[in-house]
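Each chain, letter by letter, is given below.
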Amino acid sequence: MTFKKGLPHFAAGTVVKGFGRGSKELGIPTANFEPHVVKELPVELETGVYFGWAQIDNGEVHKMVMSVGWNPYYKNIEKSMETHILHKFSSDFYGCHLKVCMLGYLRPEKDYSSLDALIADIQNDISEAEKQLEQPAYATLKSHEFFRSDSKNIDGN
Ligand SMILES: Cc1cc2nc3c(=O)[nH]c(=O)nc-3n(C[C@H](O)[C@H](O)[C@H](O)COP(=O)(O)O)c2cc1C
Ligand SMILES: Nc1ncnc2c1ncn2[C@@H]1O[C@H](COP(=O)(O)OP(=O)(O)O)[C@@H](O)[C@H]1O
Ligand SMILES: [Mg+2]
């Protein structure tokens, strides 16, 4: 198993508001990272769709797919990093701390002639991520120390 240059990449920050399209237009919510996390992304990590692991506020670690870039279908002006977590949450988690481990690259971002075509590709990304993350080399990163709680700091160690 060889990782793409720059991967695995670990990133963490606060979940902020986006344009509200993920849930409303696509039926696929994405937790958007605050701008400084996007700026800190290494240059070798090109725009496109990634898969990996994600965690909210030291909770359970879940599979994720992430879109990085300007969303050509919507022609965004600001680059974004948006994570769709493959888990059903009971409520929103704006303002919470999101940790991600990006492990693999699926495809570049594309423009589409219809919303349905964009949704179909995202569903395909989700199936691919589900499958890829079962591979031992990816699965093992789920228990990486990056995802352990910071409780040792509270203890003063
Ligand atoms: C796995 C995944 C793949 C995506 N691929 C594309 C893409 O190829 N082109 C595109 O324009 N947007 C893509 N998007 C981004 C959606 O357009 C974006 O999530 C949506 O606009 C929601 O934005 P918001 O968080 O500001 O509401 C993708 C999103 C996800 C989660
Ligand atoms: N499975 C999930 N993955 C990502 N975000 C989720 C999920 N379930 C609920 N959410 C919530 O939905 C929000 C994203 O919805 P979205 O429509 O993309 O709005 P925004 O444009 O503000 O990012 C996240 O910030 C989070 O609070
Ligand atoms: Mg979003």
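Residues numbered from 1 in each chain as written. Chains lettered and ligands numbered in written order. Predicted model: local features only at pLDDT ≥ 70, side-chain atom pairs only at ≥ 80, totals over all residues. Heavy atoms only, no water.

### Quick notes on the UniProt feature "domain: Riboflavin kinase" (unreviewed entry) in the protein
Phase 1: Residues annotated in UniProt with the feature "domain: Riboflavin kinase" (unreviewed entry) correspond here to residues 4–134.
Phase 2: End C-alpha atoms of residues 4–134 are separated by 18 Å, and the span's content is 22% helix alongside 35% strand. (UniProt positions renumbered as here; feature names shortened; annotations may be inferred. Helix = DSSP H or I, 4+ residues; strand = E, 2+ residues; numbered from the N terminus.)

### Some points on the sheet that holds strand β4 (residues 61–69)
Phase 1: Pairing is antiparallel around the closed barrel formed by six strands, whose spatial order is β1-β2-β5-β4-β3-β6. For this sheet, the mean inter-axis angle between neighbouring strands, taken without regard to orientation, is 45 degrees.
Phase 2: Direction of pairing for strand β3 (residues 48–56) relative to β4: antiparallel, over a ladder of eight bridges. Residue pairing for β4: Tyr 50 is matched across the bridge by Met 66. (Pairing = 2+ DSSP bridges. Axes fitted to C-alpha atoms, helices over the stretch in contact; angles between N-to-C directions.)

### As for the site of ligand 2
Phase 1: Taken together, 20 residues are adjacent to ligand 2, and Gly 18, Gly 20, Ser 23, Phe 93 and Tyr 94 come closest.
Phase 2: Between Gly 20 and ligand 2, the recorded distance is 2.5 Å, taken from a backbone N or O atom to an oxygen atom.
Phase 3: Compared with its free state, where it exposes 560 Å², ligand 2 has 94% of that area covered by protein.
Phase 4: If you map ligand 2 onto the pockets, it falls in the largest pocket.
Phase 5: Secondary structure elements with two or more residues in the shell around ligand 2: α1 (21–26), β2 (31–33) and β5 (80–85).
Phase 6: When its residues are assigned to classes, the shell around ligand 2 shows eight nonpolar, nine polar and three charged. (Near = heavy atom within 4 Å. Polar contact = N/O pair within 3.5 Å; in protein donor to acceptor, adjacent residues only side chain to side chain. Areas by Shrake-Rupley, 256 points an atom, 1.4 Å probe, with all protein chains shown as cover. 1 Å grid on protein atoms, 1.4 Å probe; cavity = no way out; pocket = protein on both sides within 12 Å on 5 of 7 lines; lining within 4 Å. Sits in = over half its atoms within 2 Å of the grid points. Nonpolar A, V, L, I, M, F, W, Y, C, P; charged D, E, K, R; others polar.)

### Here's the deal with the coordination of the magnesium ion (ligand 3)
Phase 1: Coordination of the magnesium ion (ligand 3) by the protein is provided by Thr 30 (O), Thr 30 (OG1) and Asn 32 (OD1), with metal-donor distances spanning 2.2 Å.
Phase 2: Around the magnesium ion (ligand 3) sit six donor atoms, and with donor-metal-donor angles ranging over 79 to 170 degrees the site reads as octahedral.
Phase 3: Here Thr 30 falls in the partly exposed class, since its relative accessible area comes to 28%.
Phase 4: With a relative accessible area of 13%, Asn 32 lands in the buried category. (Donors = N, O, S within 2.8 Å, 3.2 Å for Na, K, Ca; no water. Tetrahedral: all angles 85-135°; square planar, octahedral: opposite > 155°, others 65-115°. Buried < 20%, exposed > 50% of the residue type's maximum accessible area, 1.4 Å probe, protein only.)

### Quick notes on unusual backbone geometry
Phase 1: With an omega dihedral of 0 degrees, the bond running from Leu 7 to Pro 8 counts as a cis peptide bond.
Phase 2: You can see Pro 8 is positioned in the segment before β1 (9–16).
Phase 3: Phi is positive for Asp 57, which is not a glycine, with a value near 45 degrees.
Phase 4: Within the secondary structure, Asp 57 is located in the loop between β3 and β4.
Phase 5: Asp 57 sits in the partly exposed class, given a relative accessible area of 44%.

### Overview of the layout of surface pockets
Phase 1: Its boundaries defined by the atoms lining it, the largest pocket holds a volume of some 980 Å³.
Phase 2: Around the largest pocket, the lining is made up of 45 residues, and of these Gly 22, Ile 28, Pro 29, Thr 30 and Ala 31 lie nearest the centre.
Phase 3: Only β1, α1, β2, β4, β5 and α3 (115–132) provide two or more residues apiece to the lining of the largest pocket.
Phase 4: Of the residues assigned to the lining of the largest pocket, the class counts are 21 nonpolar, 14 polar and 10 charged.
Phase 5: Those elements giving two or more residues to the lining of the second largest pocket turn out to be β2, α2 (35–39) and β5.
Phase 6: In terms of residue class, the lining of the second largest pocket is made up of seven nonpolar, four polar and six charged. (Points joined across faces, edges and corners; volume = space filled by probe spheres on them.)

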